[in-house]
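Okay, here's what each chain looks like letter by letter:
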Amino acid sequence: MKTRIESVEDIVSSFAGQGYICSEQVALAIYLAAQLNKPVLVEGPPGVGKTELAKTASAFLEAPLIRLQCYEGLDESRALYEWKYGKQLLYTQLLRDKLGSMLADTDSLDASMARLGDLGEAFYSDTFLEPRPLLQALRSDEPAVLLIDEIDKADQEFEAFLLELLSDFQISIPELGTVRAKHQPLVLLTSNDQRELSDALKRRCLHLYIPYPAPELESQIVSARVPELDGQLRDQLVAFIQYLREQDMKKLPAISETLDWARALVLLHADSLSQELVADTLNLVLKTEQDVTLARELLPGWLRKFGKR
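Residues numbered from 1 in each chain as written. Predicted model: local features only at pLDDT ≥ 70, side-chain atom pairs only at ≥ 80, totals over all residues. Heavy atoms only, no water.

**Structural notes on unusual backbone geometry**
Argument step 1. Backbone geometry places E62, a non-glycine residue, at a positive phi of 55 degrees.
Argument step 2. Structurally, E62 is set in the loop between helix 3 (50-61) and strand 2 (65-69).
Argument step 3. For F169, which is not glycine, the phi dihedral falls at a positive 50 degrees.
Argument step 4. Mapping F169 onto the fold places it in the loop between helix 10 (163-168) and strand 6 (170-173). (Helix = DSSP H or I, 4+ residues; strand = E, 2+ residues; numbered from the N terminus.)

**Points about the sheet that holds strand 2**
Argument step 1. Across the sheet, which stays open at both edges, the five strands sit in the order 2-5-8-1-9 with parallel pairing between neighbours. In this open sheet, the two edge strands, each paired with only one partner strand, are strand 2 and strand 9 (206-209). On average, adjacent strands in this sheet sit at an angle of 20 degrees to one another, irrespective of strand direction.
Argument step 2. Sheet topology places strand 2 next to strand 5 (residues 145-149); five bridges connect them, and they run parallel. (Pairing = 2+ DSSP bridges. Axes fitted to C-alpha atoms, helices over the stretch in contact; angles between N-to-C directions.)

**Overview of the side chain of Q170**
Argument step 1. Note on placement: Q170 falls in strand 6.
Argument step 2. Setting aside chain neighbours within four positions, we find Q170 in contact with L138, E164, L165, T178, V179 and R180. (Contact = heavy atoms within 4.5 Å.)

**With respect to the packing of aromatic side chains**
Argument step 1. Counted according to the given criterion, the structure contains six aromatic pairs.
Argument step 2. With a centroid separation of 5.7 Å and 80 degrees between ring planes, the pair formed by F15 and F60 is classed as edge-to-face. Taken together, the residues F15 in helix 1 (residues 8-17) and F60 in helix 3 connect sequence positions 45 residues apart.
Argument step 3. Under the relative-accessibility criterion, F15 is labelled buried at 0%.
Argument step 4. Here a set of aromatic residues connected by ring pairs shows up, and it is made of F240, Y243, W261 and W302. (Phe/Tyr/Trp six-rings, centres within 6.5 Å; stacked < 30°, edge-to-face > 60°. Buried < 20%, exposed > 50% of the residue type's maximum accessible area, 1.4 Å probe, protein only.)

**So, helix 12 (residues 215-225)**
Argument step 1. Those residues of helix 12 that fall on the buried side of the exposure criterion are E218, S219, I221 and V222. Each buried residue of helix 12 sits inside an arc of 160 degrees when the element is viewed along its axis, so together they form one side.
Argument step 2. Those residues of helix 12 hidden inside the fold are in contact with helix 13 (231-245) and helix 14 (255-267). (Arc of directions from axis to C-beta.)

**A word on the nonpolar core**
Argument step 1. Grouped together as the largest cluster of nonpolar side chains are 35 residues, with contacts concentrated most on L134, I148, I151, F158, L162, L189 and L201.
Argument step 2. Broken down by element, the residue count for this core peaks at four residues, all from helix 8 (residues 133-139).
Argument step 3. Excluding residues that lie within four positions of it along the chain, I148 makes contacts with L68, C70, L134, L162, V187, L188, L189 and T190.
Argument step 4. Judged by nonpolar contacts, the second largest core, of 30 residues, contains I221, L229, L286 and L303. (Core = buried A, V, L, I, M, F, W, Y, C linked by side-chain atoms within 4.5 Å.)

What follows is the structure, given as structure tokens:
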């Protein structure tokens, strides 16, 4: 991992070089997280670049990215580690004959256990351990970026389980004891605000909220990610996206939809937003038929306002 970050401006410019256009507030959060060794809780609507921020930070810091995708029902065994029961069973079968000869002259369970000694503990060693993302991050031979994506989808019990990791960068495993990080990872947690997160988790993190971008910033993002799009058409596209976000829609278009639409317009060799073109491609921007219908109804008025026919 890069050990020295010159400044917040260094992050802004380096991120821009990777096509991730961010505000100074976003860059400051990454700078402070790296300097203070604090996790960052990144909140905001879906599609505004929260996950992409972790990927870009990983490249900027020259550190591997380890990702844990959260979902309802996620538990420790999926996030931290699992025992390779199949391998344990195979080894048990291979050892069956040898164990039989070892225990042939014993006449009680206690005597058999004494003869086996620590053999049972060998089945709960690293040989049979399958590390999952959290354990991978703690045991990584180099500092890593750990992305805990969409933590708001996980249950509150799992959120509580994370508190030890977020405060002390260690995890307790019953069979192995406490595992401490070899190198402290940079931890980013993302949330789409599907549920309220606990105060205990929030206290352990720096907080960053990424909203829908202002027109100028969104135009810069489109220019960086879809440079082949004509500048005038880019301005029209961004203006229409901004207009849609002012409406009462079920799911507002995010940056990811803006970029998908921009790439589609390039493929279609479009030079301006006509009513027919917009109506035919709205499904790239809006994800429900209700929103598409509303946008089609509003489209003529917006085109007149924007000076288009």
